[in-house]
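# Breakdown of the fold
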Amino acid sequence: MKSYLQGICGMENNKLVSIITPAYNAARFVEETIRSAQSQSYPHWEMLIVDDCSKDDTCAVIERLAADDARIRLIRHEKNGGAAVARETALKAASGRYIAFLDSDDVWLPEKLTRQLAFMESTAAPLSYTSFRRISENGDSCGEPIAIPLSLTYRQLLGNTAIATSTAIIDREKTGPFAITHTYYDDFALWLTVLKRGLVAHGLREDLMRYRVVNQSLSRNKSKSAMKVWRAYRDLEKLGVLASSWYFVNYAWNASRKYRNL
């Protein structure tokens, strides 16, 4: 495996996908998440898993799998900082041209990277996202594939919830450098940062990810999530009250359609 890593860090660097995975008390699900990366038909990837001071056996699970696969790297935080800080740590360590996001309780289908990278090449997409299905905590199917728009500009994304974190891939060659904002919706803030440069995100209407609906997940608190979106408009994007209200109405409408089957 060492010779393989030497290869992807050299001549294959232009094809390398860096998978960013923040993990906190993820022992129940993280093995399935890692296995879904290992099952990819596209082999040129590294997986940077940042443990954010888990109190369970998350690190033990990751270390066991990493021992047999040098593409998997565990990074430990000395202090809990939250998902945004964990993603930032992983991003700083990433070597790939492509930055993919895979949360520690979600699962990729085997053709995810192959299909999405081919799509990005054909569309010259700087940022892409895909359709997906929800699964419950025990892995049961929870509905039909989530519909997504074919493309999103900065202004369109302000009023939309279409980009699920674990479906997104960014091409750093096309976007230039970027950083993770330390905020509740750091993923949403990142997509906005990229698209604000005049770029357009492209949606691949193929079901390639499973989003696990965990009962205690912060994202399940819809009122709190809505308030954080409003703060993103006002504090991060510096939008006025009228503009924020307009985008928020669109966000709420799209969110209600997205979650109508939950």
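Report on the accompanying structure.

### Re the side chain of Glu46
- Note that Glu46 resides in strand E2 (residues 45-51).
- In this structure Glu46 is buried but unpaired, with Arg73 as the nearest side chain of opposite charge at 6.2 Å.
- Within the structure, the side chain of Glu46 is placed 2.5 Å from the side chain of Ser18, a separation counted as a polar contact.
- Apart from residues no more than four positions distant in its own chain, Glu46 is found in contact with Leu16, Val17, Ser18, Ile19, Arg71, Ala93, Ala94, Ser95 and Gly96.

### Re the state of the cysteines
- Taken as a whole and judged by the stated rule, the model has zero disulfides.
- Free of any disulfide, Cys53 has its nearest neighbouring cysteine sulfur in Cys59, separated by 8.6 Å.
- The exposure class of Cys53 is partly exposed, given its relative accessible area of 24%.

### Observations regarding the packing of aromatic side chains
- As enumerated under the stated definition, the model contains six aromatic pairs in all.
- Aromatic pair Phe248 and Tyr251: ring centres 5.7 Å apart, planes at 40°, arrangement tilted. One end of the pair is Phe248 and the other is Tyr251, both in helix H10 (residues 241-258) and three residues apart, which spans about a single turn.
- Members of the aromatic cluster, connected to one another through ring pairs, are Trp230, Phe248 and Tyr251.

### Digging into the environment of Gly143
- When you line up the elements, Gly143 lands in the loop between strand E6 (127-135) and strand E7 (151-152).
- Remark: the alpha-carbon pair of Gly143 and Arg133, spanning 10 residues in sequence, is separated by 6.5 Å.
- In contact with Gly143, other than residues within four places in its own chain, are Arg133 and Arg134.

### Regarding unusual backbone geometry
- Phi at Asn25 takes a positive value of approximately 50°, unusual for a residue other than glycine.
- Relative accessible area serves as the criterion here: at 33%, Asn25 is assigned to the partly exposed category.

### Observations regarding the pattern of salt bridges
- Counted by the stated rule, this structure contains 16 salt bridges.
- Asp103 serves as the salt-bridge partner of Arg87, at 2.9 Å between the closest nitrogen and oxygen. Residue Arg87 is located in helix H4 (residues 83-93), and its partner Asp103 is located in the loop between strand E4 (98-101) and strand E5 (107-108); the two are separated by 16 residues in the primary sequence.
- The exposure class of Arg87 is buried, given its relative accessible area of 6%.
- Overall, the relative accessible area of 17% leaves Asp103 in the buried class.

### So, the packing of helix H2 (residues 30-38) against helix H3 (residues 58-66)
- The contact between H2 and H3 brings their axes to 9 Å, and the two run at 25°. In this view, H2 runs roughly parallel relative to H3, as classed from their interaxial angle. Seen along the crossing, H2 lies across H3 with a hand that is right-handed. Across the interface between the two elements, Val30, Glu31, Ile34 and Arg35 of H2 pack against Val61, Ile62, Arg64 and Leu65 of H3.
- Classifying every residue of the contact of H2 with H3 gives five nonpolar, no polar and three charged.

The rules behind these values
Residues numbered from 1 in each chain as written. Predicted model: local features only at pLDDT ≥ 70, side-chain atom pairs only at ≥ 80, totals over all residues. Heavy atoms only, no water. Helix = DSSP H or I, 4+ residues; strand = E, 2+ residues; numbered from the N terminus. Buried < 20%, exposed > 50% of the residue type's maximum accessible area, 1.4 Å probe, protein only. Lys, Arg positive; Asp, Glu negative; His and termini not counted. Salt bridge = Lys/Arg side-chain N within 4 Å of Asp/Glu carboxyl O. Polar contact = N/O pair within 3.5 Å; in protein donor to acceptor, adjacent residues only side chain to side chain. Contact = heavy atoms within 4.5 Å. Disulfide = S-S within 2.5 Å. Phe/Tyr/Trp six-rings, centres within 6.5 Å; stacked < 30°, edge-to-face > 60°. Axes fitted to C-alpha atoms, helices over the stretch in contact; angles between N-to-C directions. Parallel < 35°, antiparallel > 145°, perpendicular 65-115°, else oblique. Left-handed = near helix turned anticlockwise from the far one by under 90°. Nonpolar A, V, L, I, M, F, W, Y, C, P; charged D, E, K, R; others polar.

Functional significance is not addressed by these values, which are geometric in nature.
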